[in-house]
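Geometric and topological summary
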Amino acid sequence: MCIVDRDCAVLWQGKVSSEPGPLSARLAEWFGKIDLAGTEACPLSEWLHRGLREVGIPWFCIETRHAQRSYRRVW
């Protein structure tokens, strides 16, 4: 997981279990400040998307081959 600000400066980078609970716990420090969070498409995407949206994180999923270009365009 990598958390960046609007200028793409890394605020935190590390490993987190690919489950909604551990992901939302790691993101708790930034709740209310997160404009958008996302992941590349994978077999867990739908489950992660639903779980993180349920706790109020604005989450999106994008096709893997488009991810790097699209993250930069979002900001």
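Residues numbered from 1 in each chain as written. Predicted model: local features only at pLDDT ≥ 70, side-chain atom pairs only at ≥ 80, totals over all residues. Heavy atoms only, no water.

A closer look at the overall build of the protein chain
For the record, the criterion: Every helix listed is a DSSP run of H or I at least four residues long, and every strand listed is a run of E at least two residues long, numbered separately from the N terminus. Classification of residues uses two cut-offs on accessible area relative to the type maximum, computed with a 1.4 Å probe and protein chains only: under 20% is buried, over 50% is exposed, and between them is partly exposed. Working definition of accessibility: Shrake-Rupley area with a 1.4 Å probe, residue cover restricted to the visible protein chains.
Secondary structure assignment for the protein chain yields three helices and four strands. Ordered by position from N to C terminus, the α and β elements of the protein chain give β-β-α-β-α-β-α. When the 75 residues of the protein chain are sorted by exposure, 25% land in the buried category. Summing over all exposed atoms, the protein chain offers an accessible surface of approximately 5,300 Å²; the carbon and sulfur share of this is 49%.

Examining the packing of aromatic side chains
Just so we agree on the cut-off: In this scheme Phe, Tyr and Trp rings, the latter by its six-membered ring, pair at centre separations within 6.5 Å, and the angle between planes marks the pair as stacked below 30 degrees, edge-to-face above 60, and tilted otherwise. Here, over-ring charges are defined by two tests on the NZ atom of lysine or the CZ atom of arginine: distance to the ring centre within 6 Å, and angle to the ring normal within 35 degrees.
This structure, assessed with the given rule, holds zero aromatic pairs. For R26, the ring lying beneath its charged end belongs to W12, and the centroid distance is 4.1 Å.

Thoughts on the confidence of the model for the protein chain
Condition: What pLDDT expresses is the predictor's confidence in each residue, scored from 0 to 100.
Predicted confidence across the protein chain gives a mean pLDDT of 81, with 85% of residues reaching 70 or more. Confidence, read as mean pLDDT per element, is least for helix α3 (residues 67–74) in the protein chain (56) and greatest for helix α1 (residues 20–27) (90).

A few points about the environment of E63
Tracing the backbone through its elements, the reader meets E63 in the loop between β4 (59–62) and α3. For E63, a relative accessible area of 41% puts it in the partly exposed group. Residues E63 and E40, spaced 23 residues apart in sequence, show a C-alpha to C-alpha distance of 5.8 Å.

Focus on the pairing of strand β3 (residues 37–40)
Walk down a regular strand and you will see the side chains alternate between the two sheet faces. The condition is simple: Only when DSSP finds a minimum of two bridges between them are two strands counted as paired.
Alternating residues of β3 divide into A37 and T39, all buried, and G38 and E40, none buried. Where β3 meets β4, four bridges bridge the pair, whose relative direction is parallel. Each residue of the ladder has a partner; that of E40, found in β4, is I62.

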